[in-house]
2 protein chains.
Amino acid sequence: MRASRSGGVWRAVLLGPCPCGFLAGRRGASRGPGRRWDAPAGADELRGEPDRFGGVSVQLARLGALDRLDAASFRRGLQAAIQQWRSEGRIAVWLHIPILQSRFIAPAASLGFCFHHAESDSSTLTLWLGEGPSRLPGYATHQLGVAGAVFDENTRKILVVQDRNKLKNMWKFPGGLSEPGEDIGDTAVREVFEETGIKSEFKSLLSIRQQHASPGAFGKSDMYIICRLKPYSFTINFCQHECLRCEWMDLNDLIKTENTTPITSRVARLLLYGYREGFDKIDFTMEELPAVYTGLFYKLYHKKLPDNYRTMTGMN
Amino acid sequence: MRASRSGGVWRAVLLGPCPCGFLAGRRGASRGPGRRWDAPAGADELRGEPDRFGGVSVQLARLGALDRLDAASFRRGLQAAIQQWRSEGRIAVWLHIPILQSRFIAPAASLGFCFHHAESDSSTLTLWLGEGPSRLPGYATHQLGVAGAVFDENTRKILVVQDRNKLKNMWKFPGGLSEPGEDIGDTAVREVFEETGIKSEFKSLLSIRQQHASPGAFGKSDMYIICRLKPYSFTINFCQHECLRCEWMDLNDLIKTENTTPITSRVARLLLYGYREGFDKIDFTMEELPAVYTGLFYKLYHKKLPDNYRTMTGMN
């Protein structure tokens, strides 16, 4: 268990917009959110903004005169600022550094800062000042892969591919990694089209796989979701770079072949079960619902709920 | 659509251990994997290892005499090395930099490198040398939150909490962020115990929510899964820092109350449906299966498949 991820102070950052009571107490004792937080003399360049969770955030990009500041002066200023923030009861420092100002990273690291994350043209470092191990929230832990099981009910055929140059040429469903901000069903439809040329629409989620320390995930975890899709074009035009073969295969043949992955075989059987006894037996269907605080909509997937359960206001 | 995530060269890094044919061709023309890749004169400090996807990877931590190298010399050496790699047909450069050597980040950025990711005490930068937009795989895109719907079939009561100091004190299921490398069900059981003191065991997945640009996810997406758990302790001892209230509530009351979130209300109705007509109506159950290439096991969740479908070798 890493304390930084578990219950406590920063959980509220991730689960909603309000601080928990522990921090509200600290917040009450602080100068209040939004106000500039001036570092002491000797650290004139370093100003931070307190956050409502008891931390302070420094955006180097917003500080003037940064170009004149050398790494050693920065270190002295940061050291003095940390002392000041600590004396004020701040429990964490977030340091946001533009990539071209990265000469300030090593001096910060020598004072105990670590990378929290970095992307494109900036990095974020953190220093925990509170008691015990850090309770700061971590960064994204999962990549998301999505595949499409495109099933044609009229012909009982399913769309399958073989990847190029795998050690074993196994039949599987076309799929790939989700783009940032892309919905699960949209990834499935896009990847199926890019790999096979087949157009389709999203129907449901069929299975979810979680795998840790996945090859190629940069040490992170992998979530892999297979969706049921309904085709509305049928002429295959597959990507020669990615696929060795692509075909509409009778579902029965996919169930019978040993030349497939365990998860593909399993989902083929699920599809047969759904085809014979109703897809509601196997589907997690999708619905949009409003978020409580933001009013934004999110997508929710679960077993279809009979209408009388959706509308009921209670039971006896 | 970001080309870096979609079909093509680097997909194979993420979906399996083998390069796709496009790269195998390039690999054939290279010096072969594993061999040291020497930069030209003037860049003696910079050596890279070619990878089988047509890229080259430079580990600054493995290079000697790094302490003697100043940022300007590094930049000259890197520029010469890039020229060499480009002439050899390499399509990408990965640069791994220990945090205390971060003075080399800005010079690399001035040559076009960007952050791919950073964590703890090192960062990774990339430069795309291939044709068109970068096809390098991205970093993790999702944080994972998991909640536990702990339902006591004997009393028809469900465990609910109210978070401290939310704008609205709504009843919801206890839960929180997954630790790195933690299985979904383990997160649910751990979070329920930490928040409420109740011990439970994992039964199934009930719902999955995907939300983008979620507050507190550092610009990333949020996946939120609710699990069905079965309690085996019943005395509540809730975390005062996180929760305002915690109680065993009659499932009927949770369905009736307006003082709850839409997703909690929805899952309460699902539970009632499952309680009355069988939990197999609402569950995605879990099973471990072996990965094809690594032999490692992963966890797969889907609707329970009747035994005759699991064992069948074909149909008529």
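Rules used in this analysis
- Residues numbered from 1 in each chain as written.
- Chains lettered and ligands numbered in written order.
- Predicted model: local features only at pLDDT ≥ 70, side-chain atom pairs only at ≥ 80, totals over all residues.
- Heavy atoms only, no water.
- Contact = heavy atoms within 4.5 Å.
- Buried area = accessible area lost by both parts, 1.4 Å probe.
- Salt bridge = Lys/Arg side-chain N within 4 Å of Asp/Glu carboxyl O.
- Polar contact = N/O pair within 3.5 Å; in protein donor to acceptor, adjacent residues only side chain to side chain.
- Helix = DSSP H or I, 4+ residues; strand = E, 2+ residues; numbered from the N terminus.
- Expected span 1.5 Å × (residues − 1).
- Buried < 20%, exposed > 50% of the residue type's maximum accessible area, 1.4 Å probe, protein only.
- Least-squares fit on C-alpha atoms with pLDDT ≥ 70 in both.
- Core = buried A, V, L, I, M, F, W, Y, C linked by side-chain atoms within 4.5 Å.
- pLDDT = per-residue confidence, 0-100.

Moving on to the interface of chain B and chain A. Listed by partner, the interface residues are 125 residues for chain B and 125 residues for chain A. Of the roughly 11300 Å² buried where chain B meets chain A, counting both sides, 62% is carbon and sulfur surface. At the junction of chain B and chain A, the tally comes to four salt bridges. As a salt-bridge pair, E119 of chain A and K220 of chain B come within 3.1 Å of each other at their nearest N and O atoms. Run the count over chain B and chain A and you get 34 residue pairs in polar contact (both at pLDDT 80 or more).

On to helix 7 (residues 262-277) of chain B. Residue and element names in this part refer to chain B. For helix 7, which comprises 16 residues, the first-to-last C-alpha distance of 23 Å matches the rise-based estimate of 22 Å (1.5 Å per residue) to within 8%. Within helix 7, 12 of the 16 residues are buried, which leaves it mostly tucked inside the rest of the structure. Among all positions in helix 7, only I263, T264, S265, R266, V267, A268, R269, L270, L271, L272, Y273 and G274 are buried. Once helix 7 finishes, G278 follows within two positions and takes phi at roughly 110 degrees, a positive value.

Once turned by 180 degrees and shifted 0.0 Å along the axis, chain B lies on chain A with an RMSD of 0.0 Å. Each copy turns onto its partner about a two-fold axis. Comparing contact sets, 100% of the residues at the interface of chain B also lie at the interface in chain A, consistent with an isologous, same-surface contact.

Attention now moves to the pattern of salt bridges. On inspection of all chains with the given rule, the structure shows 26 salt bridges over all chains. Among the ionic pairs, R209 of chain B bridges to D222 of chain B, the shortest N-O distance being 3.1 Å. With R209 of chain B in strand 11 (residues 200-211) and D222 of chain B in strand 12 (residues 221-231), the pair connects residues that are 13 residues apart, well separated along the chain. K299 of chain B serves as the salt-bridge partner of E288 of chain B, at 4.0 Å between the closest nitrogen and oxygen. One end of the pair, E288 of chain B, is in strand 14 (residues 284-290); the other, K299 of chain B, is in strand 15 (residues 297-303), and 11 residues separate them in sequence. The network of salt bridges with common partners includes E179, E182, R190, E191 and E194 of chain A.

Following the sequence through the fold, F218 of chain A ends up in the loop between strand 11 (200-211) and strand 12 (221-231). Residue class for F218 of chain A comes out partly exposed when judged on its relative accessible area of 26%. Spatially, the C-alpha atoms of F218 of chain A and Q143 of chain A are 9.6 Å apart, while their sequence positions differ by 75 residues. Beyond its immediate stretch of four places on either side in the chain, F218 of chain A contacts W94, H116, H117, P137, G138 and Y139 of chain B.

On to the nonpolar core. General note: in soluble globular proteins, nonpolar side chains tend to be found buried as a group. Within the largest apolar cluster, 54 residues are counted, with the highest numbers of intra-cluster contacts made by L60, L78 and L95 of chain A together with L60, L78 and L95 of chain B. Of all hydrophobic cores here, the second largest spans 40 residues; its members include V192 and W248 of chain A together with V146 and C243 of chain B.

Let us now look at the confidence of the model for chain A. Residues and elements named next belong to chain A. A residue-level look at chain A finds 84% of positions with pLDDT of 70 or above and a mean pLDDT of 84. Within chain A, helix 2 (residues 21-29) has the poorest average pLDDT of any element, 27, and strand 6 (residues 122-128) the best, 98. Scored below 50 in pLDDT, residues 1-42 shows 133 contacts in the model against residues more than four places distant or in partner chains.

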